[in-house]
Amino acid sequence: ILLSGVSEECEPEWCDSEDPLFILYTSGSTGKPKGVLHTIGGYMLYVATTFKLVFDYHPEDVYWCTADIGWITGHSYITYGPLANGATSVLFEGLPTYPDVSRMWEIVDKYQVTKFYTAPTAIRLLMKYGSEPVQKYKRDSLKVLGTVGEPINPEAWQWYYSVVGEKRCPVVDTFWQTETGGHVLTPLPAATPMKPGSATFPFFGVVPAILNESGEELEGPSEGYLVFKQPWPGVMRTVFGNHQRFETTYFEQFPGYYVTGDGCCRDKDGYYWITGRIDDMLNVSGHLLSTAEVESALVEHEAVVEAAVVSRPHPVKGESLYCFVTLTEGVSFSRTLEAQLKKQVREKIGAIATPDFIQNAPGLPKTRSGKIMRRVLRKIARNERDLGDVSTLADSSVIELLFQNHCCGAM
Ligand code: WTA
């Protein structure tokens, strides 16, 4: 009865190209997540174009991106980009190691996947099991292999290229951010000569520059802050509800440039190499977290008066969270408290932010002006004794204590 009364036509809802499309929250260096707002016209155009050219998409392709659909990679390159091209996609919900570590390659063969897009953390995880689980499957449908989320170490790149792709498939190392909407530095498959670990060159319309501390553009081979000099269609339009924060976060440090927050190297051939975050952010398995965000989740626990979180290298996740906590007078450090704190961070932020190490810190290394010396904490987290210049430290006795309490967990 209901069906008979409605029209078969579904009129589209006409929108303005600058109407909001979605808001995706991403970590902010002050700890409060930012609502990155993308608009309809520019974002859709940009993800459709980058999808088509970076994966060399053809109608007969079967495309598979292993990302979580809730993150930007899933938005741009599972949802909007492929759908705008009418692409045939594999959607997968599950683990690359379950029921066994051949799962990915089994799916590749089953659906004859031609274009495959994943993250360095997944590659490093699978690499640990060697080439045999990969070689159980043919993978002869594969044509292009993509990576995203964090710098890919040349060793993982080589394994991906040689073992997974049998040196037949170009690897597209795509550098981009929630804020950029789509790929901004990337090779074009079979057209750009590759260098393992480099995201190579800018996509059409993207103009990168490398700046030094004083905001001067560096020419030729150089290292510094990666910025962009002009907008492209997919760039975010604002921080939802706080346009001022959009301006201060991305455009204040170096007026006239969009600041990525990443460090970058340019070699003599003009290739760009991302060196990692240079703000107070961490990249755990390709997901960005701010140290401030984790710190505030820790201090919300009544037993914690102060917390400082730094990154410690991790063989699979890239980086792991090493947390120093100073406890309230009278409270003593215990396994139970440690478990409670891990749970608290997990519940406040998400599973990805679960601390790997929590160390009892009777005091934190601070400058005389009270600023926590994170550089020193990073060394302690790595158990490295060469602390560099610590002459600005207010109380150096705390250092020895921190080395004594070091969590000697496996790296
Ligand atoms: C890092 C994910 C090196 C970088 C799409 C960036 C990369 C942050 C690469 C954005 C890559 C992403 N090489 N680093 N190919 N791709 N990154 O917003 O630090 O979750 O700023 O977007 O990931 O993370 P986001």
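Residues numbered from 1 in each chain as written. Predicted model: local features only at pLDDT ≥ 70, side-chain atom pairs only at ≥ 80, totals over all residues. Heavy atoms only, no water.

- The chain goes by acetate--CoA ligase in an unreviewed UniProt entry, where it is assigned to Oncorhynchus mykiss.
- Recorded in UniProt for the chain, the comment headed Sequence similarities (unreviewed entry) runs: "Belongs to the ATP-dependent AMP-binding enzyme family." (UniProt positions renumbered as here; feature names shortened; annotations may be inferred.)

Remarks on the nonpolar core
Moving on, step 1. Counting residues in each nonpolar core, the largest one holds 40 residues, and the members touching the most others are Tyr 77, Tyr 117, Phe 175, Val 184, Leu 185, Phe 228 and Trp 232.
Moving on, step 2. Counting residues per element, this core draws most heavily on helix α1 (residues 40-54), which supplies five residues.
Moving on, step 3. For Val 184, the residues in contact, after removing those within four places along its chain, are Tyr 46, Phe 175, Trp 176, Phe 201, Pro 202, Phe 203, Val 206, Phe 228 and Trp 232. (Core = buried A, V, L, I, M, F, W, Y, C linked by side-chain atoms within 4.5 Å. Buried < 20%, exposed > 50% of the residue type's maximum accessible area, 1.4 Å probe, protein only. Helix = DSSP H or I, 4+ residues; strand = E, 2+ residues; numbered from the N terminus. Contact = heavy atoms within 4.5 Å.)

A word on the pattern of salt bridges
Opposite charge on two side chains makes pairing possible when the charged atoms of those side chains draw close.
Moving on, step 1. One pass over the structure, following the stated rule, counts 21 salt bridges.
Moving on, step 2. For Glu 217, the salt bridge goes to Lys 229, with nearest N and O atoms at 3.1 Å. In this pair, Glu 217 is assigned in the loop between β8 (208-211) and β9 (222-228) and Lys 229 in the loop between β9 and β10 (238-239), connecting sequence segments 12 residues apart.
Moving on, step 3. A relative accessible area of 31% means that Glu 217 is categorised as partly exposed.
Moving on, step 4. Residue Lys 229 is classed as partly exposed on the basis of its relative accessible area of 39%.
Moving on, step 5. Across the pair Glu 384 and Lys 379 runs a salt bridge, and its minimum N-O distance is 3.6 Å.
Moving on, step 6. Using a relative accessible area of 32% as the deciding quantity, one classes Glu 384 as partly exposed. (Salt bridge = Lys/Arg side-chain N within 4 Å of Asp/Glu carboxyl O.)

With respect to the packing of aromatic side chains
Moving on, step 1. Tallied over the entire structure, the rule returns 28 aromatic pairs.
Moving on, step 2. Note on Tyr 46 and Phe 203: the rings are 5.9 Å apart at their centroids and 85° apart in plane angle, and the pair reads as edge-to-face. Here the residue Tyr 46 occupies a position in helix α1, and Phe 203 occupies one in the loop between β7 (171-173) and β8, the gap between them amounting to 157 residues.
Moving on, step 3. Cluster of aromatic residues (ring-pair linked, three or more members): Phe 51, Phe 55, Tyr 57, Tyr 63, Tyr 77, Tyr 117 and Trp 176.
Moving on, step 4. The ring of Tyr 271 has Lys 195 lying over it, and the distance from NZ or CZ to the ring centre is 4.5 Å.
Moving on, step 5. Sitting over the face of the ring of Phe 357, Arg 312 holds its NZ or CZ atom 4.5 Å from the ring centroid. (Phe/Tyr/Trp six-rings, centres within 6.5 Å; stacked < 30°, edge-to-face > 60°. Lys NZ or Arg CZ within 6 Å of the ring centre and 35° of its normal.)

Things to note about a nonpolar patch on the surface
Moving on, step 1. Taken together, the side chains of Ile 23, Tyr 25 and Phe 240 make up a nonpolar region of the molecular surface, amounting to roughly 320 Å² of accessible area.
Moving on, step 2. Position of Ile 23 relative to the elements: it lies in strand β1 (residues 20-26).
Moving on, step 3. Owing to a relative accessible area of 34%, Ile 23 belongs among the partly exposed residues under this scheme. (Patch = residues over 30% accessible without salt bridge, like charges linked within 9 Å, V, L, I, M, F, W, Y side chains within 5 Å. Areas by Shrake-Rupley, 256 points an atom, 1.4 Å probe, with all protein chains shown as cover.)

A word on the pairing of strand β17 (residues 357-360)
Every regular strand shows the same layout, with side chains that alternate between the two sheet faces.
Moving on, step 1. In the sheet, strand β16 (residues 318-327) pairs with β17 via four bridges, with the strands oriented parallel. Counterpart to Val 325 in the pairing with β17 is Asn 360.
Moving on, step 2. You can see the chain leave β16, run along helix α9 (residues 335-348) and come back into β17, and the turn it takes is right-handed. (Pairing = 2+ DSSP bridges. Right-handed = clockwise from strand over helix to strand, strands pointing away.)

A closer look at the site of the ligand
Moving on, step 1. Close contacts around the ligand come from 17 residues, with Asp 173, Thr 174, Thr 178, Asp 262 and Arg 277 the closest.
Moving on, step 2. One of the backbone nitrogen or oxygen atoms of Pro 151 is found 3.3 Å away from a nitrogen atom of the ligand.
Moving on, step 3. Contacts to the ligand include Gln 177, whose side-chain N or O atom sits 2.9 Å from an oxygen atom.
Moving on, step 4. For the ligand, the accessible surface in isolation is 520 Å², of which the surrounding protein chains cover 97%.
Moving on, step 5. Those elements that provide at least two residues to the shell around the ligand are α2 (72-84) and β12 (272-277). (Near = heavy atom within 4 Å. Polar contact = N/O pair within 3.5 Å; in protein donor to acceptor, adjacent residues only side chain to side chain.)

Details of the sheet that holds strand β2 (residues 34-39)
Moving on, step 1. The strand order across the open sheet formed by three strands is β1-β2-β10, and the pairing between neighbours is antiparallel. Here the strands that pair on one side only, and so sit at the sheet edges, are β1 and β10.
Moving on, step 2. The pairing of β1 with β2 spans six bridges and is antiparallel. Following the sheet pairing, Leu 24 is matched in β2 by Val 36.
Moving on, step 3. Where α1 meets the sheet, its contacts fall on β1 and β2, and the angle it forms with β2 comes to roughly 80°. (Axes fitted to C-alpha atoms, helices over the stretch in contact; angles between N-to-C directions.)

Focus on the environment of Glu 60
Moving on, step 1. Structurally, Glu 60 can be placed in the loop between α1 and β3 (62-65).
Moving on, step 2. Residue Glu 60 is classed as exposed on the basis of its relative accessible area of 58%.
Moving on, step 3. Considered as a pair, Glu 60 and Thr 114 are 54 residues apart in the sequence and their alpha carbons are 9.0 Å apart.

Focus: helix α8 (residues 291-299)
Moving on, step 1. When you tally the buried positions in α8, you get seven out of nine residues, the bulk of the element.
Moving on, step 2. Those residues of α8 that fall on the buried side of the exposure criterion are Thr 291, Ala 292, Glu 293, Val 294, Glu 295, Ala 297 and Leu 298.
Moving on, step 3. Packed against the buried residues of α8 are β13 (281-284), β14 (287-290), β15 (304-314), β16, α9 and α10 (374-381).

Quick notes on unusual backbone geometry
Leave glycine aside and you will find that most residues have negative phi; peptide bonds, for their part, are mostly trans.
Moving on, step 1. Residue Pro 99 follows Tyr 98 across a cis peptide bond; omega there is 0°.
Moving on, step 2. Residue Ser 285 is not a glycine yet carries a positive backbone phi of 50°.
Moving on, step 3. Here Ser 285 is to be found in the loop between β13 and β14.

Considerations on the sheet that holds β7
Moving on, step 1. Spatially, five strands are ordered β4-β3-β5-β6-β7 in an open sheet, and the strand pairing comes out parallel. Looking along the sheet, the strands with just one partner apiece sit at the ends: β4 (88-90) and β7. Each strand axis lies, on average, 20° off the axis of its neighbour in the sheet, ignoring direction.
Moving on, step 2. Two elements, β3 and strand β5 (residues 115-118), share three bridges in a ladder whose sense is parallel. By the bridge assignment for β5, Tyr 63 is matched with Lys 115.
Moving on, step 3. Where α2 meets the sheet, it contacts β3, β4 and β5, and its direction lies at approximately 160° from that of β3.

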